[in-house]
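Structural description and commentary
This is what each chain is made of:
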Amino acid sequence: MNRTFITSISIQPTGMLKRVLYQPMEFQLTKNRETSFPILPIIAEYMEGNPEENTIIAIIPDNVNAMENYSIFKEELARLGISKKQILEIDCAKNQGKRGSITMLLELLEKIPEDSCIYTDITYNTKTMSAMVIYAMQFIEKIKNTEVEGIYYGELTRDREGKPTGMFLYDITIFKHFSDIFEQLQILGATDITGSLKKLIEE
């Protein structure tokens, strides 16, 4: 299957978007590297050897900083051998209310190619967009021949003076897995779904 990687572009002001080394939490990355975008080490780890078999979906806010940071993102992709023609762009809705968010959700579902494994990072999304992307990951397997392999979030921790103290990368795909299991338990008519999920954690 092809590989599809989804991320939003940061709106941090020029000079504020630093290259850092994110520490994977409870999972391994053999190709980890310093980056301004947490999705980059994920791409390096899981991309197909043939660059043509990789698709990047970039959600771009309507912001001058985002456009400058998008240029940095494309430069980092180029170092991995991924060209501009492999990038699909989604313009982030100015109005992230019901209509704007649903429009973006449908556009994202449409742009995700058939027959692909999907990896997405929600670090730079607004809260509304993070929810939209997570729901898209819940829907996409039902409408296209795809597999959601990873949902990630990069965290930068700071001390009381605001100085960075750590950079961590979390794999939060477990929430989707639990949702899938929850749905199957409902179909099977389970009477104690919460209890069943707790047993899974204990195993």
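For clarity, every value in this text was computed on a predicted model and none was experimentally measured. (Residues numbered from 1 in each chain as written. Predicted model: local features only at pLDDT ≥ 70, side-chain atom pairs only at ≥ 80, totals over all residues. Heavy atoms only, no water.)

The next subject is the sheet that holds strand E1 (residues 2–8). Strands sit in the order E2-E7-E6-E5-E1-E3-E4 across an open sheet of seven strands; the sheet is mixed. With partners counted over all chains shown, the strands left at the sheet margins are strand E2 (23–25) and strand E4 (87–91), one partner each. Neighbouring strand axes in the sheet, compared pairwise and without regard to direction, differ in orientation by 20 degrees on average. Pairing geometry for strand E5 (residues 116–121) and strand E6 (residues 146–158), over six bridges, is parallel. Residue pairing across strands places Ser116 opposite Thr146, the latter belonging to E6. Packing against the sheet, helix H1 (residues 39–46) makes contact with E1, strand E3 (54–60), E5, E6 and strand E7 (164–171), and its axis sits at approximately 175 degrees to E1. (Pairing = 2+ DSSP bridges. Helix = DSSP H or I, 4+ residues; strand = E, 2+ residues; numbered from the N terminus. Axes fitted to C-alpha atoms, helices over the stretch in contact; angles between N-to-C directions. Contact = heavy atoms within 4.5 Å.)

For E2 and E7, the ladder comprises three bridges, and the chain directions are parallel. By the bridge assignment, Pro24 is partnered in E7 with Leu169. Two strands pair when backbone bridges link them, and E6 and E7 are joined in this way by seven bridges, in the antiparallel orientation. Within the sheet, the bridge partner assigned to Tyr153 lies in E7 and is Tyr170.

Before going further, it helps to spend a moment on the packing of aromatic side chains. Within the structure shown, the criterion is met by six aromatic pairs. Ring geometry for Phe27 and Tyr152: centres 5.7 Å apart, planes at 45 degrees, overall tilted. Note that Phe27 is positioned in the loop between E2 and H1 and Tyr152 in strand E6, a separation of 125 residues in sequence. Here Phe27 matches Tyr152 in class, with each residue buried. Linked through ring pairs, Phe5, Tyr46 and Tyr119 together constitute an aromatic cluster. (Phe/Tyr/Trp six-rings, centres within 6.5 Å; stacked < 30°, edge-to-face > 60°. Buried < 20%, exposed > 50% of the residue type's maximum accessible area, 1.4 Å probe, protein only.)

Here helix H4 (residues 127–143) is 17 residues long and its end C-alpha atoms lie 25 Å apart, about the 24 Å a rise of 1.5 Å per residue gives. Taken together, the buried positions of H4 are Met129, Ser130, Met132, Val133, Ala136, Met137, Gln138 and Ile140. Contacts from the buried residues of H4 go to E1, E3, helix H3 (98–111), E5, E6 and helix H5 (174–187). (Expected span 1.5 Å × (residues − 1).)

Those residues of helix H6 (residues 193–202) not exposed but buried are Ile193, Gly195 and Leu197. The inward-facing, buried residues of H6 contact H5.

What the rule picks out here adds up to six salt bridges. Here Arg3 makes a salt bridge to Glu48, at a shortest N to O gap of 3.1 Å. Linking Arg3 in strand E1 with Glu48 in the loop between H1 and E3, this pair joins segments that are 45 residues apart in sequence. With relative accessibility at 21%, the residue Glu48 sits in the partly exposed group. The salt bridge partner of Glu52 is Lys85, with a shortest N-O separation of 3.5 Å. Of this pair, Glu52 sits in the loop between H1 and E3 while Lys85 sits in the loop between helix H2 (64–79) and E4, placing them 33 residues apart in sequence. We classify Lys85 as exposed; its relative accessible area is 65%. Within this structure, Glu141, Lys176 and Asp180 form a network of salt bridges that share partners. (Salt bridge = Lys/Arg side-chain N within 4 Å of Asp/Glu carboxyl O.)

To continue, consider unusual backbone geometry. Look at Glu26: it is not a glycine, yet its phi comes out positive at around 65 degrees. The topology assignment puts Glu26 in the loop between E2 and H1.

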